[in-house]
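Given next are the chains, with one letter for each unit.
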Amino acid sequence: MKQMINVALPKGRLGEKVLNIFETVGYDCPSIHETNRKLIFENEEAGVRYFWVKPSDVSIYVERGAADIGVAGKDILLEYAPDVYELYDLDIGKCRMAVAACKNFHDNTERTLRVATKFPNIARDYYGGKGRDIDIIKLNGSIEIAPILRMSDVIVDIVETGTTLRENNLEPIEDIVPISARLISNKVSYKFKNEEITTLAAKIKEYCLNR
Ligand code: PRP
């Protein structure tokens, strides 16, 4: 018997793009387009149930098996290192993780570098690899303010268009890693719903390659 696939979708612009891909390849769900505040939608015929969750929580739902699969940014996967399978790079939601600073910034390597970020593990790994001492200032948003107010020397954050940096007189100084959205799977689900998940992943891959 065909089993339902539970999908964690990242709420927001990326999620809308992801849903569009899933629906185009055969996992449509008419009820998800009704205007309401519901968070769970299913289409039994298509064998799919969708949940809207915070983008940074997708990997938690998938790791714990509440969702069989989901779509998460590589930034989240690098930061939280969830125990999930990364099935496919959807090549959407593209941006980069970068170090940025005020335009006149000069690094004094004699001193500990103060780094403001939402991604302490990525920042720690990056500077650890360079042997640079840092002091992490963990923030939850609006990271760009930290160097402007001289609370940090640099930020480690996502840069997409670069507009936020430019409009705050900051500039990217080092690229850390390119980021894009990844299809991920719970490890147990991958075994027990293997046919359903591999079929879905293959359809998505085919769509992405031909788009
Ligand atoms: C991200 C990031 C930057 C901005 C970069 O923030 O933290 O602030 O997008 O995009 P840009 O290069 O196109 O300007 P997000 O919109 O996720 O909001 P947040 O700071 O509240 O997390």
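What counts, and at which threshold
Residues numbered from 1 in each chain as written. Predicted model: local features only at pLDDT ≥ 70, side-chain atom pairs only at ≥ 80, totals over all residues. Heavy atoms only, no water. Core = buried A, V, L, I, M, F, W, Y, C linked by side-chain atoms within 4.5 Å. Buried < 20%, exposed > 50% of the residue type's maximum accessible area, 1.4 Å probe, protein only. Helix = DSSP H or I, 4+ residues; strand = E, 2+ residues; numbered from the N terminus. Contact = heavy atoms within 4.5 Å. Pairing = 2+ DSSP bridges. Axes fitted to C-alpha atoms, helices over the stretch in contact; angles between N-to-C directions. Near = heavy atom within 4 Å. Polar contact = N/O pair within 3.5 Å; in protein donor to acceptor, adjacent residues only side chain to side chain. Areas by Shrake-Rupley, 256 points an atom, 1.4 Å probe, with all protein chains shown as cover.

(A) Fine view of the nonpolar core. In terms of nonpolar packing, the biggest core is built from 28 residues, with Phe22, Tyr50 and Ile204 touching the most fellow members. Put simply, the parts of the chain that give this core at least two residues each are β1 (5–10), α1 (13–24), β3 (48–53), β4 (69–73), β11 (181–185) and α8 (194–210). With near-sequence residues (within four places) excluded, Ile204 lies in contact with Ile21, Phe22, Val25, Tyr88 and Leu90. Listed in part, the 14 residues of the second largest apolar core include Met97, Phe119, Val154 and Val156.

(B) Spotlight on unusual backbone geometry. Backbone geometry at Ala81 places phi at a positive 40°, although glycine is not the residue there. A positive phi angle, close to 65°, is found at Arg150, a residue other than glycine. By the secondary structure assignment, Arg150 is in the loop between α5 (145–148) and β9 (154–159).

(C) Focus on the sheet that holds β9. Strand order in this open sheet of five strands is β8-β7-β9-β6-β10, and the pairing throughout is mixed. Each having just a single partner strand, β8 (134–138) and β10 (170–179) make up the two edges of the open sheet. Shown here is a sheet whose adjacent strand axes are inclined to one another by a mean of 30°, direction ignored. Here strand β6 (residues 95–102) pairs with β9 via six bridges, running antiparallel. Looking at the pairing, Ala101 lines up with Val154 of β9.

(D) Highlighting the site of the ligand. With respect to spatial proximity, the complete set of residues near the ligand consists of Lys118, Gly141, Ser142, Glu144, Asp157, Ile158, Val159, Glu160, Thr161, Gly162, Thr163 and Thr164. Contact between the ligand and Asp157: an oxygen atom at 2.6 Å from a side-chain N or O atom of the residue. The backbone of Gly162 places a nitrogen or oxygen atom 2.7 Å from an oxygen atom of the ligand. Taken by itself the ligand offers 500 Å² of open surface, and the protein chains cover 63% of this. The set of elements that each furnish at least two residues to the shell around the ligand consists of β9 and α6 (163–167). In terms of residues, the shell around the ligand owes the most to one element, β9, which gives three residues.

(E) Representation of the pairing of β1. For β1, a buried count of six out of six residues is recorded, marking the element as mostly surrounded by other parts of the structure. Burial of β1 is two-sided: the residues Ile5, Val7 and Leu9 facing one way and the residues Asn6, Ala8 and Pro10 facing the other way are all buried. Of the pairings in the sheet, the one linking β1 to β3 comprises six bridges and is parallel in character. Within β3, the residue paired with Leu9 across the bridge is Trp52.

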